[in-house]
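# Structural characterization, general
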Amino acid sequence: NGTVSAVLAGTNGLNKTTSGTVTLTGNNSYTGATTVSGSGSVLAISNANALGTTAGNTTVGNGAELRLSGDISVAEPITINGFGAVRNSNAALTNTSGTNTVTGLITLGTQAGDNWIKSDAGTLNLAGGVTSPNRDLTLTGGGVINVTTNAINLGTGGLTVFGQFRSGRAHV
């Protein structure tokens, strides 16, 4: 647990594998991939470049969670797997406060079953689209989730919505 405010740079990536929450607040410039994995593992970000450059994708494993706050716009492509750190309570991608936007493509990974995106408070804008050929997606939470630019395309997968969802761009 803790907060990393130092700038992370270089060609290596970042692997968060243990339970608990680490918060990245720095304007990071590393080019490697970011991986959040392991049961109860949470990576929270409050800087648009906290995940490094878009040269390395971010992957959130089943049972892990990526949390957004700070009114940021994240360009990183993100792959999510599963339901987050606590089933039916968290999500693989969670907006915790403020108005945050993901402009990178969100891909539902190979984890069988449901994949969760949640807005606890504030607004989560999904501008880069969500894609999967055959996975299910649940959008939930007390905040708002907007699909603002690119569509949700789940192929043969299903979409479940609990809470406030706004879009003319969902194709399921």
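Numbers given to residues run from 1 along each chain, matching the order in which its sequence is written. Where local features are concerned, this predicted model is filtered to residues with pLDDT of at least 70; where side-chain atom pairs are given and counted, the filter is 80 or more; whole-chain, interface and lining totals use all residues. Values shown for side chains rest on all heavy atoms present in the structure; no hydrogens or waters enter the calculation.

Each helix is a run of H or I in the DSSP string that is no shorter than four residues. Each strand is a run of E no shorter than two, and both are numbered from the N terminus. Each helix and strand in the protein was counted, giving 0 helices and 21 strands. Atoms counted for the radius of gyration: C-alpha only. Globule rule: 2.2 Å times residue count to the power 0.38. Its C-alpha atoms give the protein a radius of gyration of 14 Å, within 12% of the compact-globule value 16 Å for 172 residues. Principal-axis analysis of the C-alpha atoms gives the protein an extent of 40 × 25 × 25 Å. Buried positions account for 47% of the 172 residues belonging to the protein. Only heavy atoms enter the contact rule, under which two residues are in contact if any of them lie within 4.5 Å. Within the protein, residue pairs in contact and separated by at least 24 positions form 39% of the contacts whose partners lie at least 6 positions apart. Of the accessible surface of the protein, which amounts to about 6900 Å², a share of 47% is contributed by carbon and sulfur atoms. Partly exposed residues are those whose accessible area sits between 20% and 50% of the maximum for their type, while under 20% is buried and over 50% is exposed, using a 1.4 Å probe and protein chains only. In short, Shrake-Rupley with a 1.4 Å probe defines the accessible areas, and a residue's cover is counted only from the protein chains shown.

Turning next to the sheet that holds strand β5 (residues 41-45). A pair of strands is considered paired only if DSSP assigns at least 2 bridges between the two. On the basis of which strands lie adjacent, the open sheet formed by 8 strands has the order β1-β3-β5-β7-β10-β13-β16-β19 and parallel pairing. Either end of the sheet is taken by a strand with one partner, and the two such strands are β1 (2-4) and β19 (159-161). Strand-to-strand, the axes of this sheet are offset by a mean angle of 20 degrees, without reference to chain direction. Relative to strand β7 (residues 65-68), β5 runs parallel, the two sharing 4 bridges. If you follow Val-42 over to β7, its bridge partner there is Glu-65. Orientation is described by lines fitted to C-alpha atoms, with helices fitted over the stretch in contact, and by angles between N-to-C directions that extend from 0 to 180 degrees.

Here, a salt bridge means any side-chain nitrogen of Lys or Arg that lies within 4 Å of a carboxyl oxygen of Asp or Glu. Taken as a whole and judged by the stated rule, the model has 2 salt bridges. Between Arg-67 and Glu-65 there is a salt bridge, with its nearest N and O atoms 3.2 Å apart. The exposure class of Glu-65 is buried, given its relative accessible area of 0%. The salt bridge partner of Lys-118 is Asp-120, with a shortest N-O separation of 3.2 Å.

The next thing to look at is the nonpolar core. The biggest cluster of nonpolar side chains holds 31 residues, and the ones touching the most others in it are Ile-45, Leu-66, Ile-80 and Ile-117. Listing elements by their share of this core, those giving two or more residues are β3 (20-24), β5, β7, β9 (78-80), β12 (106-108), β14 (123-126), β16 (136-140) and β17 (144-147). Beyond its immediate stretch of four places on either side in the chain, Leu-66 contacts Leu-43, Ile-45, Leu-51, Thr-58, Val-60, Ile-78, Ala-92, Leu-93 and Thr-94. We call a set of buried Ala, Val, Leu, Ile, Met, Phe, Trp, Tyr and Cys residues a nonpolar core when their side-chain atoms join them within 4.5 Å.

On to the pairing of β17, then. Sheet faces and side chains relate simply in a regular strand, where the side chains alternate between the two faces. Of the two faces of β17, the one carrying Val-144 and Asn-146 and the one carrying Ile-145 and Val-147 are both buried. Pairing of β14 with β17, which is carried by 4 bridges, proceeds in the parallel orientation. Bridge assignment links Thr-123 to a residue of β17, and that residue is Val-144.

Positive phi, close to 55 degrees, is recorded for Asp-71, a residue that is not glycine. With respect to the helices and strands, Asp-71 occurs in the loop between β7 and β8 (73-74).

To continue, consider the side chain of Glu-76. By the secondary structure assignment, Glu-76 is in the loop between β8 and β9. A residue counts as positive if it is Lys or Arg and as negative if it is Asp or Glu; His and the chain ends are not included. Of the buried charged residues, Glu-76 lacks a salt bridge, with Lys-16 as the closest side chain of opposite charge at 17 Å. Distance and chemistry together define a polar contact, namely a pair of N or O atoms within 3.5 Å, with one atom able to donate a hydrogen and the other to accept it when in protein, and with adjacent residues in sequence counting only for side-chain atoms on both sides. One polar contact links Glu-76 to Thr-58, side chain to side chain, over a distance of 3.1 Å. Among residues more than four places away in sequence, those in contact with Glu-76 are Leu-51, Gly-52, Thr-53, Thr-54, Gly-56, Asn-57, Thr-58, Val-102 and Gly-104.

We now examine the environment of Thr-101. For Thr-101, the location among the structural elements is in strand β11 (residues 99-102). Judged by its relative accessible area of 17%, Thr-101 falls in the buried class. Between the C-alpha atoms of Thr-101 and Thr-148, which are 47 residues apart in sequence, the distance is 9.3 Å. Residues in contact with Thr-101, not counting those within four places in the same chain, are Ile-72, Ser-73, Val-74, Asn-125 and Ala-127. A distance of 3.3 Å separates a polar atom in the side chain of Thr-101 from a polar atom in the side chain of Asn-125.

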